[in-house]
Amino acid sequence: MFVKMDKRDLASGSEEGIAAEERKIMKNITTLSKNVHAGLPPPLSDPVRCSLIRGDYFYFNYGCDGQDDRGWGCGYRTIQTMASWLCHNCTPPKGQHRSPPSLSEIQQALVSMGDKPGSFSGSREWIGTFEASLVLDYFYDVPCKLVHIRGGGAELEHVAVEELHKHFQKHGCPVMMGGDRDNSSKGIVGVCTEDKGSHLLIIDPHYYGCQLEMEELQRRGWVAWKRVSSLDQSSFYNLCMPQTVKKES
């Protein structure tokens, strides 16, 4: 059960502090790379089925706002990428637009809704798909479907791939993927299938350094098609799939 709370309940303090966080994020968004998968050639010459994200988003990665979150912030960055898609493509709750939440806002929201203790705020503790579902529901009033994929090639190739195809065809928004042995958060923005297996289009938030152009991110493999069989076959995985309502055209 998700706990709904008003943003004003954030214990971080004043409205001025919240506004300052939003101004900081908005300033950085103007320099972020957009739709970083665009132009990437498909992994298969003759796929049986291919499903992709629809709509605009920004690529958030380690340190993109000046905060060094290497080693713990990948889940937060994937949430920010998903939130940027919601900003572009969904009707805001109560008609109020808001930018993707900062790392501190994400932490304070989880504390305020009772999911984390007070000591979590300001910490370097990582978060996963469950927390992502709470955060997106909290800030954007968008519920998420959580899918658990047990370890093993059959589950990944059949259950995960089928869920992703259905999701992109219906909702068209980014998906967060994470696991136990493979606990690195990933953004999924596409899936392509042939008889011999499937590929996932992965946006990796672990890049740290000066901002790169889309083509360079692709060349270095931070945005890439990867075989499902290349995932850790001994790890379970969870998928966080926002259940969105598209803007009316």
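Use the structure listed above.
The notes below deal with the structure included here.

Thresholds, definitions, all that
Residues numbered from 1 in each chain as written. Predicted model: local features only at pLDDT ≥ 70, side-chain atom pairs only at ≥ 80, totals over all residues. Heavy atoms only, no water. Phe/Tyr/Trp six-rings, centres within 6.5 Å; stacked < 30°, edge-to-face > 60°. Lys NZ or Arg CZ within 6 Å of the ring centre and 35° of its normal. Helix = DSSP H or I, 4+ residues; strand = E, 2+ residues; numbered from the N terminus. Expected span 1.5 Å × (residues − 1). Buried < 20%, exposed > 50% of the residue type's maximum accessible area, 1.4 Å probe, protein only. Core = buried A, V, L, I, M, F, W, Y, C linked by side-chain atoms within 4.5 Å. Contact = heavy atoms within 4.5 Å. Bend = angle between axes of the 7 residues up to and from the residue. Salt bridge = Lys/Arg side-chain N within 4 Å of Asp/Glu carboxyl O.

### Some words on the packing of aromatic side chains
As enumerated under the stated definition, the model contains 3 aromatic pairs in all. Centroid distance Y138 to F139: 4.9 Å. Interplanar angle 75°. Geometry classified as edge-to-face. The ring centre of Y208 lies 3.8 Å from the NZ or CZ of R70, which sits over that ring. Stacked on the ring of F120, the Lys or Arg K116 has its end atom at 5.4 Å from the ring centre.

### Focus on helix α2 (residues 74-89)
Counted at 1.5 Å a residue, the expected span for α2 with its 16 residues is 22 Å, and the 23 Å between its end C-alpha atoms agrees. Taking burial as the measure, the 16 residues of α2 include 15 buried ones, the bulk of the element.

### A word on the nonpolar core
In this structure, V36, I79, L110, L136 and Y140 are the most contacted members of the largest nonpolar core, which totals 44 residues. Excluding residues that lie within four positions of it along the chain, I79 makes contacts with I106, I127, A132, V135, L136 and M176. Core analysis: the second largest hydrophobic core is formed by 18 residues, A160, L200, V228 and L231 among them.

### Observations regarding unusual backbone geometry
One non-glycine residue with positive phi stands out, namely N35, at about 50°. Here N35 shows up in the loop between α1 (15-29) and β1 (49-52). Here D141, not a glycine, exhibits a phi torsion of approximately 60°, which is positive. Looking at the element boundaries, D141 is found in the loop between α4 (129-140) and β2 (144-149).

### Let's talk about helix α5 (residues 153-170)
Since the α-helix packs 3.6 residues into each turn, any two residues three or four apart lie on the same face. Between the first and last C-alpha of α5 there are 25 Å, a value that for 18 residues agrees with the 26 Å anticipated at 1.5 Å per step. Roughly 25° is the biggest bend found in α5, and it falls at V161. All buried positions along α5 are accounted for by E155, L156, A160, V161, E163, L164, H165, H167 and F168. In this structure, the buried residues of α5 make contact with β1, β2, β3 (175-179), β4 (186-194), β5 (197-203) and β7 (237-242). Just downstream of α5 lies G172, where phi reads positive at about 70°.

### Some points on the pattern of salt bridges
Per the counting criterion, the structure on display carries 14 salt bridges. Salt-bridge contacts for E216 lead to R219; the nearest nitrogen and oxygen are separated by 2.6 Å. Of this pair, E216 and R219 both sit in helix α6 (residues 214-219), 3 residues apart, which is roughly one turn of that helix. Given a relative accessible area of 62%, R219 falls into the exposed group. Three or more residues are tied together by salt bridges with common partners; here these are D65, D69 and R77.

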